[in-house]
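Structural description and commentary
Spelled out, the chains give:
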Amino acid sequence: MAGPPVAVVNACTRDGQGGSPTAVVIDDATLTDGDRHAITRRTGTSHTAFIDTGTADTPTVRFFTSAGELTNCGHGTIAAQAVLLHRSGAIEHHGRQHTAGRTFATTAIRRREGVEVWFDQGAIALADDGDATGGGIIAALGLQRADIAAGVRVASPGTPRLLVPVQDHGTLQSMQPDFDRLATECRRLGYLGCFTYALSPTTRTAAARMFAPAIGVNEDIANANSVGCLAAHLLDTSGNGDIEVHQGDTLKRPSSISASATRTESGIVARIGGVVDLGPPIVLG
């Protein structure tokens, strides 16, 4: 029996190029989680978004990698909302999405270069983590302590990950992690992965690499939720929570994600945006 139609779009492109190939499926109620894992493996993409459109105006979206289900996925949300706008035929849509027990606002707008999507990430918890620098995770990243530019922090929009600032762009691009060791360390410490970054000295931009072998993704082309976490960290430490992050250069898939963090009564929250290239016309049934 043939599976449901799958759209593969490029999420979080940079200047009309690259982006993270992301599979999007309009979910079929007959699919099992085993089916969803199998679809993800067949597409060859790092992530797949499964959209249940049977929930009125607020679709439920679930995310899978080949290794299992994720609590949430930022660039997958951006991809899913772009596909929903495409299906509607509208120019712009302000809606909501339900994922992992949380409902949040989304915006999708057709632009010349693709579909621009923004979503509300929600509250981000921040904590210092001395255990990371005292343990093996920095070594697993292929770094020395002298390579670290400032304090390492844990950030969690629901799933914790380690934010690791390095001294410069050259250090970032030359990193060669031991992925088996890194996966072990991340599982031991309860981290999704490690978001390593180098801030630009002159503008509010950064280059970054996201390593998440513990969930089956050695290096992510674009990790939107981690960009939101970085924006929250910057707001907390410098007072400026606006950032544009470039990823994917080492994988020859340039990506760009923007985020803006603000303080609210519920804590620091972030709004995250990226552009999706839908590519050739897609048929989703």
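Look up: the structure comes first, before these words.
All of these numbers come straight from a predicted model, not from anything done at the bench.

Turning our eyes to something else, we now look at the overall build of the protein chain. Tallying secondary structure elements over the protein chain gives seven helices and 17 strands in all. Taking 19 Å as the expected radius of gyration for a compact globule of 285 residues, we find that the protein chain reaches 18 Å, a close match to that expectation. Buried residues in the protein chain amount to 54% of all 285 residues. Across the protein chain, contacts joining residues at least 24 apart in sequence account for 62% of those joining residues at least 6 apart. Just so you have it, the protein chain exposes about 12100 Å², and 49% of that area is on carbon and sulfur atoms. Distance from the positive charge centre (23 side chains) to the negative charge centre (28 side chains) of the protein chain: 1 Å.

This part covers the pairing of strand 6 (residues 92-99). Inspection of the sheet shows strand 6 paired to strand 7 (residues 102-111) by eight bridges, in the antiparallel sense. Within strand 7, the position partnered with glycine 95 by the bridge is threonine 106. Between strand 6 and the antiparallel strand that follows it, strand 7, lie two residues; alanine 100 among them carries a positive phi value of about 50°.

This brings us to helix 2 (residues 74-88). Between its terminal C-alpha atoms helix 2 stretches 21 Å, which fits the 21 Å expected from 15 residues at 1.5 Å a residue. Taking burial as the measure, the 15 residues of helix 2 include twelve buried ones, the bulk of the element. Inspection of helix 2 places Gly74, His75, Gly76, Thr77, Ile78, Ala79, Ala80, Gln81, Ala82, Val83, Leu84 and Leu85 among the buried residues, and these make up the whole buried set. Looking at the residues trailing helix 2, positive phi occurs at glycine 89, about 80°.

Looking now at the pairing of strand 13 (residues 205-212). By the criterion of burial, strand 13 is predominantly enclosed, with seven of the eight residues buried. Examined bridge by bridge, strand 12 (residues 194-199) and strand 13 share six bridges and lie antiparallel to one another. Residue pairing in the sheet places tyrosine 197 in a bridge with alanine 208 of strand 13. Bridge analysis of strand 13 against strand 15 (residues 242-247) gives three bridges, and the strand direction is parallel. Paired with alanine 207 across the two strands is histidine 246, which belongs to strand 15. Strand direction decides the pairing type here: strand 13 and strand 14 (residues 217-220), joined by two bridges, are antiparallel. Following the sheet pairing, methionine 210 is matched in strand 14 by aspartate 220. Two successive antiparallel strands, strand 13 and strand 14, enclose a turn made up of four residues, where glycine 216 displays a positive phi of approximately 85°.

Another point: the pattern of salt bridges. Counting across every chain of the model gives twelve salt bridges. A salt bridge links aspartate 27 to arginine 36; its shortest N-O distance comes to 3.1 Å. Both residues of the pair, aspartate 27 and arginine 36, belong to the buried class. A salt bridge links arginine 153 to aspartate 236; the nearest nitrogen and oxygen atoms lie 2.8 Å apart.

Time to look at the environment of alanine 149. Tracing the chain through its elements places alanine 149 in the loop between helix 4 (137-140) and strand 10 (153-156). On a C-alpha basis, the gap between alanine 149 and arginine 111 in space is 37 Å, while along the polypeptide they are 38 residues apart. Discounting residues that sit within four places of it in the chain, alanine 149 has contacts with Pro165, Val166 and Gln167.

About the cut-offs
- Counting restarts for each chain: residues are numbered from 1 in the order of the written sequence.
- This being a predicted model, a pLDDT of at least 70 is required before a residue's local features are given, and a value of 80 or more before pairs of side-chain atoms are given or counted; all residues contribute to the totals for chains, interfaces and linings.
- As a rule here, side-chain values come from all non-hydrogen atoms in the structure, and water together with hydrogens is ignored.
- Each helix is a run of H or I in the DSSP string that is no shorter than four residues. Each strand is a run of E no shorter than two, and both are numbered from the N terminus.
- Only C-alpha atoms enter the radius of gyration; for comparison, a globular chain is expected to reach 2.2 Å times N to the power 0.38, where N is the number of residues.
- With a 1.4 Å probe rolled over the protein chains alone, any residue whose accessible area is under 20% of its type maximum counts as buried; one over 50% counts as exposed, and the rest are partly exposed.
- The contact criterion used throughout is that any non-hydrogen atoms of two residues lie within 4.5 Å.
- Note that accessible areas follow from Shrake-Rupley with a 1.4 Å probe, and for residues the cover is restricted to the protein chains shown.
- His is not counted, nor are the chain ends; Lys and Arg add positive charge and Asp and Glu add negative charge.
- Every charge is mapped onto a representative atom, which is NZ of Lys, CZ of Arg, CG of Asp or CD of Glu.
- Only strands joined by at least two bridges in the DSSP assignment are considered to pair.
- Every helix has an expected span of 1.5 Å times one less than the residues it contains.
- By salt bridge we mean one thing: a side-chain nitrogen of Lys or Arg within 4 Å of a carboxyl oxygen of Asp or Glu.

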